[in-house]
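Architecture and fold: a report
Listed here are the chains, written in short residue letters.
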Amino acid sequence: MPPTKTTTKRPDWDAYFINMAHAASKRAACTRSQVGAVLVDADNRVIGTGYNGAPSGETHCTDGGCPRGLFGYEDIPAGGNYANCVAIHAEVNAVAHSTGVVEGSTVYVTRAPCADCAKTLRAFGVERAVWGNPLGISEVRLQG
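First, a word on scope: everything that follows refers to the structure included in this document. (Residues numbered from 1 in each chain as written. Predicted model: local features only at pLDDT ≥ 70, side-chain atom pairs only at ≥ 80, totals over all residues. Heavy atoms only, no water.)

So, about the overall build of the chain. Helices and strands together make up the secondary structure of the chain, namely 3 helices and 5 strands. Here the chain holds 144 residues, and the buried ones make up 37% of them. When the accessible surface of the chain is summed, it comes to about 8600 Å², and 53% of that surface belongs to carbon and sulfur atoms. (Helix = DSSP H or I, 4+ residues; strand = E, 2+ residues; numbered from the N terminus. Buried < 20%, exposed > 50% of the residue type's maximum accessible area, 1.4 Å probe, protein only. Areas by Shrake-Rupley, 256 points an atom, 1.4 Å probe, with all protein chains shown as cover.)

Here it is, written out as structure tokens:
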């Protein structure tokens with residue numbers, strides 16, 4: 001019997017793109033945190049992806065390029081001082097490497113954007129940020 005609407009279960013758009021963000025996070029070059037982001041236009045087309053890590057051409061955190069990465073969570077807890085972190089965050093990389101118009105888009109991230117990333121996303125006109133996993137998704141409107 002061919003699949004029907006009642007027998008075929010497709011993920012909704014949010015779950016689909018969150019899964020893609022989790023896949024992107026596997027490329028992250030940070031010793032402390034692996035974050036992935038997918039930027040999607042209003043037509044649900046991917047226009048950018050990113051993950052956290054050192055800028056292109058610089059020594060990756062995983063290769064000893066980040067002074068902060070040399071410390072454990074006991075020394076610098078999560079959310080602590082990022083002053084000596086060399087990584088560019090996943091959301092910013094997704095915008096920087098986008099292939100389309102960013103204004104009005106949605107960014108899917110493996111965790112909530114930090115205050116600096118939220119500010120950057122707003123400045124570029126990203127409409128919405130969605131984070132989490134397919135079982136527990138949160139979101140915030142960045143514009144309006």
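On to helix 1 (residues 13-25). Taking 1.5 Å per residue as the helical rise, helix 1 with its 13 residues ought to reach 18 Å, and the 18 Å between its terminal C-alpha atoms agrees with that figure. Its buried side turned inward, helix 1 meets strand 1 (36-40), strand 2 (46-51), strand 3 (106-109), strand 4 (128-133) and strand 5 (136-141). Its side-chain oxygen at 3.2 Å from the backbone nitrogen of Asp 14, Asp 12 defines the N-terminal cap of helix 1. (Expected span 1.5 Å × (residues − 1). Contact = heavy atoms within 4.5 Å. Polar contact = N/O pair within 3.5 Å; in protein donor to acceptor, adjacent residues only side chain to side chain.)

This part takes up the pattern of salt bridges. Should their charged atoms come close, side chains of opposite charge can pair. In total, this model carries 3 salt bridges according to the counting rule given. Between Asp 14 and Arg 128 there is a salt bridge, and its shortest N-O distance comes to 2.8 Å. Of this pair, Asp 14 sits in helix 1 while Arg 128 sits in strand 4, and the two are 114 residues apart along the sequence. The same class applies to Asp 14 as to Arg 128, namely buried. (Salt bridge = Lys/Arg side-chain N within 4 Å of Asp/Glu carboxyl O.)

Turning next to the layout of surface pockets. The calculated volume of the second largest pocket comes to roughly 260 Å³. Lining the second largest pocket are 15 residues, with Ala 54, Pro 55, Ser 56, Asn 93 and His 97 positioned closest to its centre. Counting residues per element, the ones that place at least two in the lining of the second largest pocket are strand 2 and helix 2 (90-96). Residues that form the lining of the second largest pocket fall into these classes: 6 nonpolar, 8 polar and 1 charged. (1 Å grid on protein atoms, 1.4 Å probe; cavity = no way out; pocket = protein on both sides within 12 Å on 5 of 7 lines; lining within 4 Å. Points joined across faces, edges and corners; volume = space filled by probe spheres on them. Nonpolar A, V, L, I, M, F, W, Y, C, P; charged D, E, K, R; others polar.)

This part covers the pairing of strand 1. Here strand 1 lies mainly inside the structure; 5 of its 5 residues are buried. On strand 1, burial covers both faces: Gly 36, Val 38 and Val 40 on one face and Ala 37 and Leu 39 on the other are all buried. Sheet topology note: the strand 1/strand 2 ladder contains 5 bridges and is antiparallel. Across the sheet, residue Val 40 finds its bridge partner in strand 2, namely Val 46. Of the strand pairs in this sheet, strand 1 and strand 3 are connected by 4 bridges, and their pairing is antiparallel. Bridge assignment links Val 38 to a residue of strand 3, and that residue is Tyr 108. (Pairing = 2+ DSSP bridges.)

What follows is about the nonpolar core. Leu 39, Val 107 and Val 126 are the most contacted members of the largest nonpolar core, which has 16 residues in total. Top element by residues in this core is helix 2. It accounts for 3 residues. Setting aside residues no more than four positions away along its own chain, Leu 39 makes contact with Arg 45, Val 46, Ile 47, Gly 48, Ala 94, Val 95, Ser 98, Val 102, Ser 105, Thr 106, Val 107 and Val 126. Listed in part, the 7 residues of the second largest apolar core include Phe 17, Ala 21, Val 38 and Val 130. (Core = buried A, V, L, I, M, F, W, Y, C linked by side-chain atoms within 4.5 Å.)

Turning our eyes to something else, we now look at the packing of aromatic side chains. In this structure the tally under the stated criterion is 4 aromatic pairs. Taken together, Trp 13, Tyr 16, Phe 17 and Tyr 108 form an aromatic cluster joined through their ring pairs. (Phe/Tyr/Trp six-rings, centres within 6.5 Å; stacked < 30°, edge-to-face > 60°.)

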